[in-house]
Amino acid sequence: MKLCVSRIALATCAFGFLALPTMAQDAAPKAAEPAPPAADQLPAVDVVQQKQKSAKKAAPAKKKSVAKKSAPPIAEPTPVAAEEPVDAPASAATAPVRPGTGSITSGTVNMSPVSGSDLPIEKVPTSVGRASSEDFNRTRETGIQQALQSTVPGVFMNDSQGNAFQGGVQFRGFESSPINGAPQGIAVYQNGTRINEVFGDVVNWDFIPSNAVDSITVLGSNPVYGLNAIGGAIGITMRDGFNFQGAEFDTRAGSYGRIQGSAAAGAQAGNWGIFGAVEGIKDSGYRDFGDSEIKRMYADLGYRSSQSEFHLSFTGAKNEVGVTAAAPDVILDLDWGNTFTSPQINENEMAMVQLSGVVKATERLTLAGQAYYRRFRQDKIDGNILDQANCADNDDIDDPDEKVCVNEGDDDDDIEALGVNEGDEFEELELDEDFILANRFGVIDKVKQDNESFGGSVQAVDRSTLFGFRNQFLIGASWDHGEVNYGTESELGVFQPRFKVRGIGITLDGDDFFPRQIDTTSDYFGVYFTNTTDLTDRLALTLGGRYNYARLELDNKSAPALDDDDEPYEDNLTGSHTFVRFNPTAGLTYQLAAGLTAFGGYSEANRAPTAAELSCADPENPCLIESLLVADPPLAQVVSKTFEIGLRGNVATFGREHALSWSLTGFHTRNYDDIISIADEQAGRGYFDNVGQTQRQGVEAALQYRNRSLFTYASYSFTDAEFRENLQISAPDNPIADDCPAPADDADCVFVSPGDRLPGIPRHKFKAGFNYYITSKWAFGSDMIAASDQVFFGDEGNDNDRLAGFAKFNLHTSYQLTDNIQIYGLVDNVFDTRYGLFGTYYDNESAEGANLSYQDDLFEDDASHRTKVPAPPVTAYGGVKVRF
């Protein structure tokens, strides 16, 4: 019981001791369960009518009067007969939810992050999107973001860093991103553990091996999923020794130096199951300085009996990713691989241990819980331009936005010193005159963070009848504790060709560059419940809610910054912040006919400001967006209110040879006190602010068809995301920005009106694809995604041209050489479409001052000031997959 002395302590040991009597009782050897079909085989057609007949046949006698076309009853655990073998699979009450892709509108869905809370999808009053290991096998995607973009209607992959491994997920205009500074709006769980990182609620998707994923579920807004679920929740279920047996090895190579290998193996022996997966990727990138090296793994040890199931798992990753971000249009027109200011490198390490368990305490009562410990470390370096000016004799500064001053003597060529802005004068740096004259100066911003978190959840699900009605009541509680050590500093550097900054070993001081260090502690506590009652054979009512308590403490460890009189500033950063709220939810489902269900619901959710946002909310003290450490006014928590209505259905015909599933959903979400990041005059700096109300509403439609040789799908989503307030937002690099109102009339602003679109969110998205078995061994398929235009960040007033939309096509094919060996190939962006993933603006005059590689006045003549992240060009890969 070594885990009992770790910081998981009480929760971990409790599950261990709970398992002991069950393990002792069921320790008799058992026959291994039959291995599942190979992942590359066609999935069985999901036939709705057949399922209903089976359910009716198994129903108790007193329920024979139920209409033939009634909805499935709430899942009830089946009593275990004395003669039942110990290797019987866990009942619906104890088995974790593992939906396949036989249908997007059948199966069961967890009503909370913890296993054991599953309901038939016909009873779930919100939208449900899914992806599974089959989708990874079909499209050959190496990231969860890409797989979700292909399969879930409202999901769009955003990428502001220029590297697919650091891309984020956008769902209905809400984000789940690895970037501090992006307003996070989706709660993400892995096997019941919340994996939004402590400091900024970011999600590092690159930590999860794609060959270890069993299924992914995307839900609309549901307060039971806790803080940050204002836009929805994503639940990731991993493989284990019970749902995967055998071994598979996959290796591929292709464009831009891509070399990739992965291995996964699982086995079951009696009541025990074991699984492990590793994945390694090296890629030189399609842009300068875009190299990536990904190393990640997952392992699981499980125990299962007829009454219980327990899992101990480990996830680990060590990744280095070159994030080359947006570049001006004028240099992308010269070469699609050009970059603007580098190096930009993220070095990420993570280790997480999880312990989870489900126990069927009685015939109607299921107990479940999980505990975890997580450690995340990041080192980030980011080269940037410095605003540079000439000044005389280090006198008072004429323009406080100028960060570097080259002090010229009587002769313009007589460079005497280099100074750095210290508030009201330039501090002279001791540098050789020839060195100063020969170089143009930049800065390398450095960020380090060390996150440690632990916590757990407990939950009870009771399926006893309520006043004679079939009923499922769920109640649970969760606690998450986090501690972060976070620091930044900025090093003076000189520009080299291709806008690369080389550090020269001088750490900068001053208002924008003062080295900062902060410790934060956070505690999130929640109590939640839901109750679903079958009011009739067709009508089900769900009521629920969650109480959230969040407390964040900030402790400023930085050396005191000095004011103009050399007196230390008052430390307004150190302090504590508390946020509380109860969020209700209610919904109805009604079965209109066999395989056809209508649903609708209302929910509220909240997002407490993160430590990252709380520490960077003062426009008078903008932060390095990745440092976020200044004295700030408090921020209000974000509250969302969501209405949702929809239909979903299944149709099976022609003797179970064909199956069609579809869904149609409308949603409306209003955010109150929404938080966005706002740019500062100095590149890379900004602050966070509440901007009142924003709104996201739209429609999603999805269709899937399959038979024994063909799988095809199509989906469309419309997302109208807009501001609902009159605002003035700082936009220093927007070419048509105007003077801000007093007292900030020395800055440039854009003026927002209700109805202006939120940046970075395409209104229209269309996806379609197919996979066809030309022969029993040869499969061929294609996937297409199209998105309409989006507003540039920094153009919140919607005054400029937008980032153009796009349509991208991918091809994939495979051939089964033997029962165990498959070869495959894939081509992404087959027509080499050139489009942007993310757009913002830059300071063209400062760029011209750092220009060593391009023609003179290239940037100064750029009136658009537009930069964008270029999408990957055409890429091709080939590989071999071996499975036993």
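Attention here is on the structure that accompanies the text. (Residues numbered from 1 in each chain as written. Predicted model: local features only at pLDDT ≥ 70, side-chain atom pairs only at ≥ 80, totals over all residues. Heavy atoms only, no water.)

1. Quick word on the overall build of the protein chain
A count of helices and strands for the protein chain gives 8 helices and 46 strands. The buried share among the 884 residues of the protein chain stands at 59%. Taking the contacts inside the protein chain whose residues are at least 6 apart along the sequence as the reference set, 69% of them involve residues at least 24 apart. (Helix = DSSP H or I, 4+ residues; strand = E, 2+ residues; numbered from the N terminus. Buried < 20%, exposed > 50% of the residue type's maximum accessible area, 1.4 Å probe, protein only. Contact = heavy atoms within 4.5 Å.)

2. Regarding the packing of aromatic side chains
With the rule as written, the count across this model stands at 23 aromatic pairs. Ring centres of W272 and Y303 lie 5.0 Å apart, and the angle between their planes is 65 degrees; on these two criteria the pair is classed as edge-to-face. With W272 in strand β13 (residues 272–283) and Y303 in strand β14 (residues 292–304), the pair connects residues that are 31 residues apart, well separated along the chain. Among the residues examined, Y303 registers a relative accessible area of 2% and is labelled buried. Ring geometry for F499 versus Y854: centroids 6.3 Å apart, planes at 25 degrees, classification stacked. Within this pair, whereas F499 is found in the loop between β24 (471–496) and β25 (500–507), its partner Y854 is found in the loop between α8 (844–849) and β45 (866–870), the two being separated by 355 residues in sequence. The same class applies to F499 and to Y854, which are both buried. Every member of this aromatic cluster is reached through a ring pair, and the members are F340, F495, F499, Y842, Y854 and F859. Here R172 stacks its cationic end above the ring of F667, 4.4 Å away from the centre of that ring. The ring of Y672 has K641 sitting right over it, with the charged end atom 5.1 Å from the ring centre. (Phe/Tyr/Trp six-rings, centres within 6.5 Å; stacked < 30°, edge-to-face > 60°. Lys NZ or Arg CZ within 6 Å of the ring centre and 35° of its normal.)

3. As for a nonpolar patch on the surface
A contiguous nonpolar patch, built from F473, I475, W479, F525, V527, F529, Y547, V580 and F582 and spanning about 750 Å² of accessible area, is present on the exposed surface. Among the elements of the structure, β24, β26 (516–534) and β28 (575–593) are those that each provide at least two residues to the nonpolar patch. The residue I475 is located in strand β24 in this model. The class of I475 is partly exposed, set by a relative accessible area of 40%. (Patch = residues over 30% accessible without salt bridge, like charges linked within 9 Å, V, L, I, M, F, W, Y side chains within 5 Å. Areas by Shrake-Rupley, 256 points an atom, 1.4 Å probe, with all protein chains shown as cover. Salt bridge = Lys/Arg side-chain N within 4 Å of Asp/Glu carboxyl O.)

4. Structural notes on the sheet that holds strand β5 (residues 168–171)
Read across the sheet, 3 strands follow the order β4-β5-β6 without closing on themselves; strand pairing throughout is antiparallel. Among the strands making up the open sheet, the edge pair consists of β4 (155–158) and β6 (174–176). Each strand axis lies, on average, 30 degrees off the axis of its neighbour in the sheet, ignoring direction. Across 4 bridges, the pairing between β4 and β5 is antiparallel. (Pairing = 2+ DSSP bridges. Axes fitted to C-alpha atoms, helices over the stretch in contact; angles between N-to-C directions.)

5. Comments concerning the pattern of salt bridges
This structure, assessed with the given rule, holds 32 salt bridges. Close ionic contact of R172 with E700 constitutes a salt bridge, the shortest N to O distance being 2.8 Å. Placement of R172 in the loop between β5 and β6 and of E700 in strand β35 (residues 694–706) is noted, with a sequence separation of 528 residues between them. Classification of R172 as buried rests on a relative accessible area of 3%. The salt bridge involving E197 is made with R374; its shortest N-O contact spans 2.8 Å. In this pair, E197 is assigned in the loop between β8 (193–194) and β9 (213–219) and R374 in strand β18 (residues 365–385), connecting sequence segments 177 residues apart. In this pair, the class of E197 matches that of R374, namely buried. Salt bridges linked by common partners bring K123, R470, D534 and D537 together as one network.

6. Brief notes about the side chain of N348
Examined against the element boundaries, N348 turns out to sit in strand β17 (residues 344–360). On the basis of relative accessible area, N348 is assigned to the buried category, the value being 0%. Reaching out from N348, the side chain makes a polar contact with the side chain of Q378 at a distance of 2.9 Å. Each residue touching N348, except ones within four places of it in the same chain, is listed here: Q166, N204, D206, F207, A317, K318, N319, F376, R377 and Q378. (Polar contact = N/O pair within 3.5 Å; in protein donor to acceptor, adjacent residues only side chain to side chain.)

7. Let's talk about the nonpolar core
Judged by nonpolar contacts, the single largest core of 39 residues is most densely connected at I144, L148, I216, I234 and I236. Contributing elements (two or more residues each) for this core: α4 (144–151), β5, β7 (186–190), β9, β10 (232–238), β13 and β17. When residues no more than four places from it in sequence are discounted, the contact partners of I234 are L148, V169, I186, A187, V188, Y189, W205, I216, T217 and V218. Ranked by size, the runner-up nonpolar core spans 19 residues in total, among them V109, V128, Y225 and A229. (Core = buried A, V, L, I, M, F, W, Y, C linked by side-chain atoms within 4.5 Å.)

8. Examining unusual backbone geometry
In the segment running from S342 into P343, the intervening peptide bond is cis, with an omega of 10 degrees. One can find P343 in the loop between α5 (329–332) and β17. Positive phi, close to 65 degrees, is recorded for R140, a residue that is not glycine. Looking at the secondary structure, you find R140 in the loop between α3 (133–139) and α4. Residue class for R140 comes out buried when judged on its relative accessible area of 7%. Phi is positive for F289, which is not a glycine, with a value near 60 degrees. Residue placement: F289 occurs in the loop between β13 and β14. With relative accessibility at 25%, the residue F289 sits in the partly exposed group.

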